[in-house]
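Okay, here's what each chain looks like letter by letter:
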Amino acid sequence: MLSIGVRGGGQTFLPTAAVGATGEVKPGIGGTGALDVRYTYYGSVASQVQLGVAVGAGFGYGTTGIKGTNMDSYTNIDYLGNKMDYSIDATYSLKDQFAKVDVSLLLAMRFGGVTLNVGPRFMLPFAATSTVTISEASIDAYYPLYNVHVTDQLITGKLETPYTEKHPSNISKYNLLIAAEIGYEWRLNQHALGVQLFAEAAVWSKQSPITNYQSPMISVAPISNANAPVPSVTVGSAEPFVSGRRYIGVGVRAYYAFYIEHIRIRQFKPRGDSRDHRNRYLWW
C-alpha cells in the first residue's frame, strides 16, 4: 500500500535548565504540519488481522519554544568612579521556527478497519530561527555610596517592553523518537482513506553546546562620560539557559492510499509434445 497524507498538531521541546540558570525555564507549545509519504506491506496472520511494516518519510514546518524568568546582578563603575550595583529581573519567551524532515520504520497492524503503527522515527530540524521576546523587565541601579536605588530610568538604564530580537537557534538537531499511531481506514475498491491520531516523543536528542553568547541576558553599559549620560541596554539570547531539550508531538494524520496488486508473471512450461511450439508460453 502506498499512501500520501498530511500530519498536523502541536509540538514542544521539554527543556532542561542549564547549570547556573538563575530563573525558571518552562516549555512553550507550538504547532506543526508535515507532508507524509509511506509504503506499507501487510501479511495476513488471522481472519481480518494483518501484520506488516511501514517505511515512511515526512517533510514539514513548525514552531515551538520556551518561556521563563531570569535574574541578573553585576556592578558597573560610572565616569565619576561611583559603584552601581545592578539587579535585573526579566520575563521572557523564546520562539523557535524550523523546517524538519523525518524518516520512520514502523510495525504496522490492521484489525479489520482499525490501524495501529508503532516504531522509531528519526527527526532532523533545519533552517531554524529563534526570536526572544522580553514581556517584562525591571532594571534597578543601586548606589552604595549614597544608599539610593534608581529603577527603570533612562539615566541608569531602561528597557521598553515588549522587546523582541532575533538570535541564532540552538534546538536539538538530532532526535530519535518513538511514534505511535492509531486510527481507522475505509477501503474503497483498490483505494483507501484513513485517519489516525499520533503521538511521538524523543528517547534521545542531541543539542550542540553554546560556546559564544552574551551574559548577562540584559546588559547595561557603564556611563562612560558626562556627554553621554544615557547608557545603552543590550539584550542577549535566552538559549544559554537551556542545556538540553526533548521533543514531544501529538496530532492527527489523514491520508489517501492505493493498493499495489500482485503482477502476473509470464512463466515457461514445456509441453509433453516438443513439436508443438504454439502454446509453449502460458499465462499464470
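For every chain, the first residue of the written sequence is number 1, and numbering continues from 1 onward in sequence order. Given that this is a predicted model, residues contribute local features only at a pLDDT of at least 70 and side-chain atom pairs are listed and counted only at 80 or more, while totals for whole chains, interfaces and linings are drawn from all residues. The basis for every side-chain value is the complete set of heavy atoms in the structure, and neither hydrogens nor water enter the calculation.

K.L.:
Summarise the overall build of the protein; cite the residues concerned and give the values.
P.N.:
Strands are runs of DSSP state E lasting at least 2 residues, helices are runs of H or I lasting at least 4, and numbering of each runs from the N terminus. Summing up its helical and strand segments, the protein has zero helices and 15 strands in all. Just to be clear, the radius of gyration here is over C-alpha atoms, and the globule rule we use is 2.2 Å times residues to the power 0.38. A compact globule built from 284 residues should have a C-alpha radius of gyration of about 19 Å, whereas the protein, at 30 Å, is more than 25% larger. Each principal axis of the C-alpha atoms in the protein carries an extent, and together these give about 120 × 35 × 25 Å. Accessibility here uses a 1.4 Å probe with only protein chains present; expressed as a share of the type maximum, an area under 20% marks a residue as buried, one over 50% as exposed, and anything in between as partly exposed. Put simply, the protein has 284 residues, and 40% of those count as buried. Two residues form a contact once any of their heavy atoms are found within 4.5 Å. The long-range fraction of contacts in the protein, counting pairs at least 24 apart against all pairs at least 6 apart in sequence, stands at 73%. Taking the 24 positively charged and 20 negatively charged side chains of the protein as two groups, their mean positions are separated by 21 Å. Neither His nor the chain termini are counted; the positive set is Lys and Arg, and the negative set is Asp and Glu. Think of each charge as sitting on NZ of Lys, CZ of Arg, CG of Asp or CD of Glu.

K.L.:
Outline the nonpolar core, supporting the account with residue identities and numerical values.
P.N.:
Nonpolar core, defined: a set of buried Ala, Val, Leu, Ile, Met, Phe, Trp, Tyr and Cys residues in which side-chain atoms within 4.5 Å join the residues together. Ranked by size, the top nonpolar core spans 25 residues in total, and within it Y92, I134, M217 and I218 carry the most contacts. If you list the elements that add at least two residues to this core, you get β4 (49-77), β5 (83-111), β6 (114-143) and β11 (218-220). Contacts of I218, omitting those with residues within four sequence positions, involve D72, Y74, I88, A90, I134, A137, I139, L159, V233 and T234. Counting ten residues, the second-largest nonpolar core is a separate cluster that includes M1, A54, A108 and Y259.

K.L.:
An account of the pattern of salt bridges is needed here, citing residue identities and associated values.
P.N.:
We define a salt bridge as a contact between a side-chain nitrogen of Lys or Arg and a carboxyl oxygen of Asp or Glu at a distance within 4 Å. Scanning the model with the defined rule gives eleven salt bridges in all. The partner of R38 in a salt bridge is D36, and the shortest N-O contact between them spans 3.0 Å. Of the two residues examined, R38 and D36, each falls in the buried class. A salt bridge links D36 to R253, with the shortest nitrogen-to-oxygen separation between them at 3.3 Å. Taken together, the positions of D36 in strand β3 (residues 30-46) and R253 in strand β13 (residues 242-258) put the pair 217 residues apart, joining distant regions of the chain. This pair shows no difference in class: D36 is buried, exactly as R253 is. Look at the salt bridges and you will find they share partners, linking R7, D36, R38, D102, R121, E181, E200 and R253 into a network.

K.L.:
Explain the environment of I218 residue by residue, including any values.
P.N.:
Along the chain, I218 turns up in strand β11. For the pair I218 and L159, spaced 59 residues apart in the sequence, the C-alpha separation amounts to 8.9 Å.

K.L.:
Outline the packing of aromatic side chains, supporting the account with residue identities and numerical values.
P.N.:
Think of it this way: a Phe, Tyr or Trp ring, Trp meaning its six-membered ring, pairs with another when their centres are within 6.5 Å, and the plane angle makes it stacked under 30 degrees, edge-to-face over 60, tilted otherwise. Summed over the entire model, instances satisfying the criterion amount to seven aromatic pairs. Taking the centre distance of 6.3 Å and the plane angle of 50° together, the rings of Y143 and Y146 count as tilted. A network of ring pairs unites the aromatic residues F13, F98 and Y247 as a single cluster. Note on geometry: a ring has a charge over it if NZ (lysine) or CZ (arginine) is within 6 Å of the ring centre and within 35 degrees of the ring normal. For R110, the ring lying beneath its charged end belongs to Y42, and the centroid distance is 4.1 Å. Above the plane of the ring of Y255 lies R253, whose end atom (NZ or CZ) is 4.2 Å from the centre.

K.L.:
With reference to specific residues and values, describe the confidence of the model for the protein.
P.N.:
Overall, the predicted model of the protein reaches an average pLDDT of 88, with 90% of residues at or above 70. For residues 262-269, every residue scores under 50 in pLDDT, and the model assigns this stretch 13 contacts once sequence neighbours within four places are set aside. The quantity known as pLDDT measures the predictor's confidence residue by residue, on a range of 0 to 100.

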